[in-house]
Amino acid sequence: MHIILAFLGTVITILVLLNRLAEAGIDLGGLNPFLWQRRRKWKNQIQGNPIYHIESPLDLTALLATATAKCDGDMSSDEKKELLNLFQNEFSIKKRDAADLLISSAYILGNGEELQKNLEKVIKPSLSTFTQAQADSAIGILEKVSVIDSASADLKRDFVDKVQKILSKKFEPKNKWDVS
């Protein structure tokens, strides 16, 4: 009986000490590895670059079209007008929504270095939701944007080719005996 009482006394003492530590502001819950992993995942998702979390094909296509226009630096007014027209016609959205989409795409894109370095990583989250028609439309939009300004057509053409290569990987026919 004395062993049970000693054990219960030890448990109560530990609980009282943990309560005192919590009241003093020391939280031992942070030592939980599952809680730490969950917090780290959320922290990376919130504080990470939003360019890597685009899941909508529409938003990604708008971002890629904006990136195509900004390949050589800032967008010209002709490129902005053409992008707005393309967004309205291709995505069937209102003028105000097209302007909002262009503004948000330009903001997320920033200077475009992150997209240029990690193009495949940026496209990956939304690649599974693309249909063949959406991929073809996206490439068509990028090609239309690339011919607006003929001074930097080579840079834009290279970018469009990279995007087309990544998008076409999803829709190329698989070999019957492909192991991967």
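Everything below is about the structure printed above this text.
Each chain carries its own residue numbering, running from 1 in the written order of its sequence. Local features are withheld for residues below a pLDDT of 70 in this predicted model, meaning they are given only at 70 or higher, and side-chain atom pairs are given and counted only at 80 or more; totals for whole chains, interfaces and linings count all residues. Remark: hydrogens and water are excluded; side-chain values derive from all non-hydrogen atoms of the structure.

1. A short note on unusual backbone geometry
The residue Ser 92 is not glycine, and still its phi comes out positive at about 55°. Relative to the helices and strands, Ser 92 is located in the loop between helix H4 (77–91) and helix H5 (95–109). With a relative accessible area of 64%, Ser 92 lands in the exposed category. Counting from the N terminus, the helices are DSSP H or I runs at least four residues long and the strands are E runs at least two residues long. Burial classes follow relative accessibility: with a 1.4 Å probe on protein chains only, a residue under 20% of its type's maximum area counts as buried, one over 50% as exposed, and anything between as partly exposed.

2. Looking at the nonpolar core
Here, nonpolar core refers to any group of buried Ala, Val, Leu, Ile, Met, Phe, Trp, Tyr and Cys residues whose side-chain atoms link them within 4.5 Å. Counting 36 residues, the largest nonpolar core has Leu 64, Phe 87, Leu 115, Ile 123, Val 163 and Leu 167 as the members making the most contacts within it. Elements represented by at least two residues in this core include exactly helix H3 (57–69), H4, H5, helix H7 (119–127), helix H8 (132–146) and helix H9 (153–171). For this analysis, residues touch if any pair of their heavy atoms sits within 4.5 Å. Ignoring any residue separated from it by four or fewer positions in sequence, one finds Leu 115 in contact with Ile 51, Leu 63, Leu 64, Ala 67, Leu 109, Val 122 and Phe 159.

3. Re the packing of H3 against H9
Across the interface, H3 lies against H9 with an axial gap of 9 Å and an inter-helix angle of 155°. One finds that H3 runs roughly antiparallel with respect to H9. The way H3 lies across H9 gives a crossing that is right-handed. Residue-level inspection shows Leu 64, Ala 67, Thr 68 and Ala 69 of H3 in contact with H9, the latter providing Lys 156, Phe 159, Val 160 and Val 163. Looking at the contact of H3 with H9 residue by residue, the classes come out as six nonpolar, one polar and one charged. Fitting a line to C-alpha atoms yields each axis, with helices limited to the stretch in contact; the angle taken between N-to-C directions then spans 0 to 180 degrees. For this classification, under 35 degrees means roughly parallel, over 145 means roughly antiparallel, 65 to 115 means roughly perpendicular, and everything else is oblique. Here a crossing is called left-handed whenever its near helix is offset anticlockwise from the far helix by less than a right angle, and right-handed whenever the offset is clockwise. Classification convention: Asp, Glu, Lys, Arg as charged; Ala, Val, Leu, Ile, Met, Phe, Trp, Tyr, Cys, Pro as nonpolar; all other residues, Gly among them, as polar.

4. With respect to the environment of Asp 74
Topologically, Asp 74 is positioned in the loop between H3 and H4. As a C-alpha pair, Asp 74 and Glu 143 span 69 residues in sequence and 18 Å in three-dimensional space.

5. Section: the pattern of salt bridges
The salt bridge definition used is simple: a Lys or Arg side-chain nitrogen within 4 Å of an Asp or Glu carboxyl oxygen. Here the structure, examined in full by the defined rule, presents six salt bridges. Across the pair Glu 79 and Lys 156 runs a salt bridge, and its minimum N-O distance is 2.4 Å. Separated by 77 residues along the polypeptide, Glu 79 in helix H4 and Lys 156 in helix H9 bring together distant segments of the chain. You'll find Glu 79 and Lys 156 in the same group, each marked buried. Here Glu 90 and Lys 144 are joined by a salt bridge, their closest N and O atoms 3.4 Å apart. You can see Glu 90 sitting in helix H4 and its partner Lys 144 sitting in helix H8, a full 54 residues away along the chain.

6. Quick look at the packing of H3 against H8
Two elements in contact, H3 and H8, have axes whose closest approach is 9 Å; the angle formed by their N-to-C orientations is 20°. Overall, the two elements H3 and H8 adopt an arrangement that is roughly parallel. The crossing of H3 and H8 is right-handed. Seen from H3, the contacting residues are Pro 57, Thr 61, Leu 64, Ala 65, Thr 68 and Ala 69; seen from H8, they are Gln 134, Ala 138, Ile 141, Leu 142, Val 145 and Ser 146. Residues belonging to the contact of H3 with H8 are distributed by class as follows: eight nonpolar, four polar and no charged.

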